[in-house]
Amino acid sequence: MKNIFLLLLAIFLTTTSWAQDFTVNGTVKDGSINDVLPGVNVVVKNQTRGTTTDFDGNFTVDKLKVGDVLVVSYIGYTTKEIAIKDFNFITITLSEDVSALSEVVVIGYGTQTKKEITGAVTVIGAETIEQLKPTRIEQALQGQVAGVNITSQSGSPGSASNIRIRGVSTNGNNNPLILVDGNVIEDLSVVNPGDIESINVLKDATAGIYGVRAANGVILITTKTGKKSTPLQFSYDTYGGFQETTRRLPLLNATEYGVIKNEAAAANGEAIPYPNLALLGTGTDWQDEVFQKAPIFNHNLTISGGTEKSRYSFGSSVLTQDGIVGGSKANFTRYNTRLNFNTELFDGLNFKANLIYTGTLRKTLAEGGLGSVLFNALNISPILSATAVDGSFTRALGHPIEVINPLAQLQNTFNRTKIDKISGVFGLDYSFLNNFKVTSNYQWNYSEVDYSAYFPISDFGNVGNNTVFDRTTAAYGVSNEFYRDYTFDAYIDYDKLFNEVHDLKITLGTSVFKTTADEYGGTYEGVTNTTLSDPSLETANLFNDSFVTRSNRLYDSRLLSYFARMQYNYKGKYLLSAVVRRDGSTAFGPDNKFGYFPSGSLGWVVSDEDFFKENTVLNFVKLRASYGILGNDRIPGFGFVSLLSGEGTYVFDNELVFGQAVGRVSNPEIQWEEQTTLDIGLDAKLFDNTINITADYFNKQTDNLLLVVESSGILGTAAPGAGNPIANAGSVRNSGFEFAIGYETPYSENFRFGINYNFTYLENEVLSVENGIGYEQGGSFGIGQSGVSRMEAGLPIGYFYGLKTDGIFQNQAEIDAHPTQIGLGSAAAPGDIRFADVNGDGIINFDDSTDLGNPIPDFTMGLNLSFDYKNFDFQTYIFASLGNDIIRNYDRNNPITNQSAYALNRWTGEGSTNEYPRVTNGATSNILFSDFYVEDGSFVRAQNMQLGYALNSEGIKDMGISKLRLYVSASNVFTFSKYKGFDPSASSGDPIGSGFDSGFYPVPRTYLLGLNLKF
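Since this is a predicted model, take the numbers as computed values, not measurements.

## Here we look at the packing of aromatic side chains
Applying the stated criterion to the full structure yields 39 aromatic pairs. Aromatic pair Tyr 902 and Tyr 916: ring centres 5.2 Å apart, planes at 20°, arrangement stacked. With Tyr 902 in the loop between strand E47 (885-888) and strand E48 (934-936) and Tyr 916 in the loop between E47 and E48, this residue pair connects regions lying 14 residues apart in the sequence. Classification of Tyr 902 as buried rests on a relative accessible area of 15%. Aromatic rings pair up to connect Phe 737, Phe 739, Tyr 757, Phe 759, Tyr 761 and Phe 859 into one cluster. Cation over ring: Lys 496 sits above Phe 498, and NZ or CZ is 5.4 Å from the ring centre.

## Digging into unusual backbone geometry
Note on backbone geometry: most residues besides glycine have negative phi, and most peptide bonds are trans. For Leu 433, which is not glycine, the phi torsion reads 50° and is therefore positive. Looking at where Leu 433 falls in the secondary structure, it is placed in the loop between strand E22 (414-432) and strand E23 (436-455). Accessibility expressed as a relative area gives 62% for Leu 433, which makes it exposed. Even without a glycine there, the phi angle at Asp 688 is positive, about 55°. Tracing the chain through its elements places Asp 688 in the loop between strand E33 (673-686) and strand E34 (691-703).

## Let's talk about the sheet that holds strand E5 (residues 69-73)
If you walk across this open sheet you meet the four strands as E3-E2-E5-E6, and the pairing is antiparallel. Bordering the open sheet on either side are strand E3 (50-52) and strand E6 (80-83), each of which pairs with just one other strand. On average, each strand axis in the sheet is inclined to that of its neighbour by 20°, with strand direction left out of account. Here strand E2 (residues 41-44) pairs with E5 via four bridges, running antiparallel. Counted as the bridge partner of Asn 41 is Ser 73 from E5.

## Quick look at the sheet that holds strand E7 (residues 90-94)
What the three strands build is an open sheet, ordered E4-E1-E7; its pairing is mixed. The open sheet is flanked by strand E4 (58-64) and E7, the only strands paired with a single partner. Geometrically, the sheet is characterised by an average inter-axis angle of 30° between neighbouring strands, direction not taken into account. Judged from the five bridges that link them, strand E1 (residues 22-30) and E7 form a sheet pairing that is parallel. Bridge assignment links Thr 27 to a residue of E7, and that residue is Thr 91.

## Comments concerning empty space enclosed by the protein
Per the counting criterion, the structure on display carries 11 cavities of 30 Å³ or more. Each pocket or cavity is described by its volume, and for the second largest cavity that value is around 440 Å³. Looking at the second largest cavity, it is lined by 35 residues, and the ones nearest its centre are Asn 149, Thr 151, Pro 855, Ile 856 and Pro 857. The biggest single contributor to the lining of the second largest cavity is strand E11 (residues 148-152), with four residues. Among the residues forming the lining of the second largest cavity, the class breakdown is 14 nonpolar, 16 polar and five charged.

## Concerning the nonpolar core
Val 290, Phe 291, Val 325 and Leu 374 are the most contacted members of the largest nonpolar core, which totals 26 residues. For this core, the elements supplying multiple residues, two or more each, are helix H5 (286-290), helix H6 (373-379) and helix H7 (406-411). Residue contributions to this core peak at five residues, all from H6. What Val 290 contacts, discounting residues up to four positions off in sequence, is Ile 324, Val 325, Gly 326, Val 373, Leu 374, Ala 377, Pro 406 and Leu 407. Membership of the second largest hydrophobic core comes to 24 residues, among which are Ile 137, Leu 141, Ile 178 and Ile 219.

## So, helix H4 (residues 254-267)
With 14 residues, H4 extends 20 Å from end C-alpha to end C-alpha; this agrees with the ideal 20 Å at 1.5 Å per step. Within H4, burial applies to Ala 254, Tyr 257, Gly 258, Ile 260, Lys 261, Asn 262, Ala 264 and Ala 265. For H4, the side-chain oxygen to backbone nitrogen distance between the N-cap and Thr 255 is 3.2 Å, and the N-cap itself is Asn 253. Just downstream of H4, Gly 269 is the residue with a positive phi angle, here 75°.

## Here we look at the pairing of strand E16 (residues 218-223)
Counted residue by residue, E16 has five buried out of six residues, so it is predominantly covered. Taken together, the six bridges between strand E15 (residues 196-202) and E16 define a ladder with antiparallel strand orientation. For Val 201, the partnering residue across the bridge sits in E16 and is Ile 219.

## With respect to the pattern of salt bridges
One pass over the structure, following the stated rule, counts 36 salt bridges. Between Asp 683 and Lys 622 there is a salt bridge, with the nearest N and O atoms lying 3.7 Å from each other. Note that Asp 683 is positioned in strand E33 and Lys 622 in strand E30 (residues 618-632), a separation of 61 residues in sequence. Classification of Lys 622 as buried rests on a relative accessible area of 1%. Across the pair Glu 814 and Arg 834 runs a salt bridge, and its minimum N-O distance is 3.1 Å. With Glu 814 in helix H8 (residues 812-817) and Arg 834 in strand E43 (residues 833-835), this residue pair connects regions lying 20 residues apart in the sequence. Taking the relative accessible area as the measure of exposure, Glu 814 reaches 27% and is therefore partly exposed. Ionic contacts of the salt-bridge type, sharing partners, join the residues Arg 166, Lys 203, Lys 622, Arg 624, Asp 679, Asp 683, Asp 696 and Glu 738 into one network.

## Quick notes on a nonpolar patch on the surface
A cluster of nonpolar side chains, Leu 345, Phe 346, Leu 428, Tyr 430, Val 438, Ile 492, Ile 506 and Leu 508, forms an exposed patch at the surface whose accessible area comes to about 650 Å². Elements supplying a minimum of two residues to the nonpolar patch: strand E20 (327-346), E22 and strand E25 (502-525). With respect to the element layout, Ile 492 can be found in strand E24 (residues 475-498).

## Digging into the side chain of Asp 983
Of note, Asp 983 is situated in the loop between strand E51 (975-977) and strand E52 (996-997). Judged by relative accessible area, which is 0%, Asp 983 ranks as buried. Within the structure, the side chain of Asp 983 is placed 2.9 Å from the side chain of Arg 941, a separation counted as a polar contact. Of note is the side chain of Asp 983, whose polar atom sits 2.6 Å from the side chain of Ser 985. Here Asp 983 is in contact with Ile 886, Arg 941, Asp 997, Phe 1000, Pro 1002 and Val 1003, once residues within four sequence places are set aside.

## Observations concerning the pairing of strand E37 (residues 730-746)
Sheet topology note: the E34/E37 ladder contains 12 bridges and is antiparallel. Bridge pairing in E37 links Tyr 697 to Phe 737. Across 17 bridges, the pairing between E37 and strand E38 (residues 751-769) is antiparallel. Considered in E38, the bridge of Gly 742 is made with Asn 756. Where E37 folds back onto E38 in an antiparallel hairpin, the turn is made up of four residues.

## Overview of the environment of Leu 355
Inspection of the secondary structure assignment puts Leu 355 in strand E21 (residues 349-362). Separated by 248 residues in sequence, Leu 355 and Gly 603 place their C-alpha atoms 37 Å apart. Residues contacting Leu 355, with those up to four places away along its chain left out, are Thr 337, Arg 338, Leu 339, Ser 423, Gly 424, Phe 426 and Trp 444.

Rules used in this analysis
Residues numbered from 1 in each chain as written. Predicted model: local features only at pLDDT ≥ 70, side-chain atom pairs only at ≥ 80, totals over all residues. Heavy atoms only, no water. Phe/Tyr/Trp six-rings, centres within 6.5 Å; stacked < 30°, edge-to-face > 60°. Helix = DSSP H or I, 4+ residues; strand = E, 2+ residues; numbered from the N terminus. Buried < 20%, exposed > 50% of the residue type's maximum accessible area, 1.4 Å probe, protein only. Lys NZ or Arg CZ within 6 Å of the ring centre and 35° of its normal. Pairing = 2+ DSSP bridges. Axes fitted to C-alpha atoms, helices over the stretch in contact; angles between N-to-C directions. 1 Å grid on protein atoms, 1.4 Å probe; cavity = no way out; pocket = protein on both sides within 12 Å on 5 of 7 lines; lining within 4 Å. Points joined across faces, edges and corners; volume = space filled by probe spheres on them. Nonpolar A, V, L, I, M, F, W, Y, C, P; charged D, E, K, R; others polar. Core = buried A, V, L, I, M, F, W, Y, C linked by side-chain atoms within 4.5 Å. Contact = heavy atoms within 4.5 Å. Expected span 1.5 Å × (residues − 1). Polar contact = N/O pair within 3.5 Å; in protein donor to acceptor, adjacent residues only side chain to side chain. Salt bridge = Lys/Arg side-chain N within 4 Å of Asp/Glu carboxyl O. Patch = residues over 30% accessible without salt bridge, like charges linked within 9 Å, V, L, I, M, F, W, Y side chains within 5 Å. Areas by Shrake-Rupley, 256 points an atom, 1.4 Å probe, with all protein chains shown as cover.

Right under this line is the structure:
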């Protein structure tokens, strides 16, 4: 009986203790990166009380009982409910909302949720940018966004890239419109990638809200800002490492060079230059002489926070990077300071201010084409030593006038470009009458570019002036450029939900844009005791003003636009958006100044229909389509009138006076290029939202292309500074298919895995060229061979135009049986290239030139893999470009210059090879542009690999640190390609003249050690 009593007493006491109120402490973290989350709402379910997490993600809730439920919610994360079992400390992890249908996406002049979007829009978040660690933003787009292709103009520090969204749409400017916090930015080098919160890419007609500047797509960049009611937070990111070249080209060493040059001389009946090959050895490897490992360092500090009504963010960074060729003489240094501030002045009225200052300092080398450092390293004789006995650099004796000792070239290169740019956005928005909001933004950019270069007395070749680089007097060049632009936008929004099912949004607005640029400068000749930093210009005996015969005003253009947009959805499942924009541009005459450009898009959320049964396989399905007309005015301004932009020489008082004359012939009838674009897309989510699929078919056709057309020579179009008129005379079409699929899910508390893959198929075709001759031409090959790239109906824009080869002549009988090739400039001999008689007229001449390939890839692909295990994280990004061609244009083909090692496989007699021609110092047709110099430029590249480790936050919390992560990464890790040159991603970016490799500066491989710190 006693035992039963004691048992009942224990049960009573226990029950009484658990019925009492108690306090629960805990912390809330991001489940993917194990970082604490401040400002998370923690509310007791079915009650009105709760709290929010502090800066360290901690919270305290009192007066709880066993069985109470805490509801934990945070924007962008899935809400979680936690049942209270006891008073122990609890750790709560939140996962990002994988459905993400309610995620807000920035679009033109507003935002939409992902579910509401009816256009082709891709979003890149700050996490992806952080993993890639790009030095330029373009590198974060390559392989991440279907339909976007990035090519490098050079791998040197600070060099620009070419961004093409869904192909090449015009023979003019194909750059997309880029906005940073709503402000137009032309040069992405001024933006620090570490400041970016998100990048949104608009690829279809829905970009039409931005008017004529959006014909090539729109990239919207949002920089980081604070959150309201958040304490002051500090974030410091840094990395350092080194860069190196990804490859060296196989060239002839000294002995191999001697063999080939002896054979070439003998074939031309000349005495052999190197009778004793045993003395030559391996010689100088000029690539080893010019390539080096180059350091790179970056520091980035961000301070952010917010009050009940305001939020702010301040960031400052510095990047410095030397070149793998030239080292500090090819340095790029960028200083960046950014301030974002948003506040509610009073109920309904908000103010925002975004300011960015960027200072860059860049030193450059001759980087591509004839006379570049790498071109010289590839072509100078390996028999020459780098330096003479007295320590001076050896002269390039007997070489062509554009080939010199690259080390002497580096030593005598002195230049510096300093850019100071400040950009700002000031805006007000006011909400009134519940459904209306009016917004006005003033955006502006101002930059100064100061360039200086010192050209010392130099003699690189034979004694005397024997190369194009030689100077008998010293000179100092200066240039000062000033760029200004502003944009003023004002618009009003009406937003109302009728009867809980009809959601209507209307936007009406206007936009004004103006941009100008001026340049001043010239060259001081005959300076003495001069260095780059101390020019001593007073010693000059002559100043050549670069603007004696032309205006200092580089350009002056303006736009005036009006736009309207209506967005409607019914029950969130039937979606409609319609836009009309009226743009006026100073690029066109009074009769054609304004154009109207409408666009519209539809969406249907099929998964919201009653007939669509809820299941765990197919969770979300949306069909969408867009169609519209966009204008393009990216041509030189005032082409409809004759300007005094030409050079004229006049006689006054029996003396010649240099002045100005009429430039390009005017055409008052020019009008807008018009791009008609169609997109049909599908968005789907499968298997409990773990798989995301996006697919798009697109077709965009640009008509009324602005081309230079032929005109009569009596108009003086050949005079200096003059030119043929511009007219609407062509059309081009880009069509294709995009597909993206992603999978991400946490397998357990300790392991998370994700994979994303995208590909784009693109077909580019010129539909018409009505300029009088049926084609536009560009590009140059070798010495004096121009026009080998063309724009012509029925073929891709910028296709390669040249002779088609048909093997190697093995004997004289084959030559006799083949149509004569004398029309190419020289008679064929055994071992020469045999060209195809394409037109079948029995004669081989330049009329047999034909399509030899093009630089536009058929397919581009991106593959991104990531996995996290406990505190470790790993990511890798792979990109592929398939079907593009490249012209190998870095061989000089001269009796003295070096050659690629493939010359060892040359024809040496009948049956020896049918691929590589003989070597000779005589005149042959082998150096003419043909498919012998065209190679497959397809490649697969590991863009980035990164391994990180996050220290346990519990162990470092006492130090006031909320996140400490160390990582190592490598970019441009490997490239698989059949291309023989340095880098298959070479491209000038010219629509007609791209894909030529004239000694392309390769994109370096980079190894980094970095730190991410939050406190």
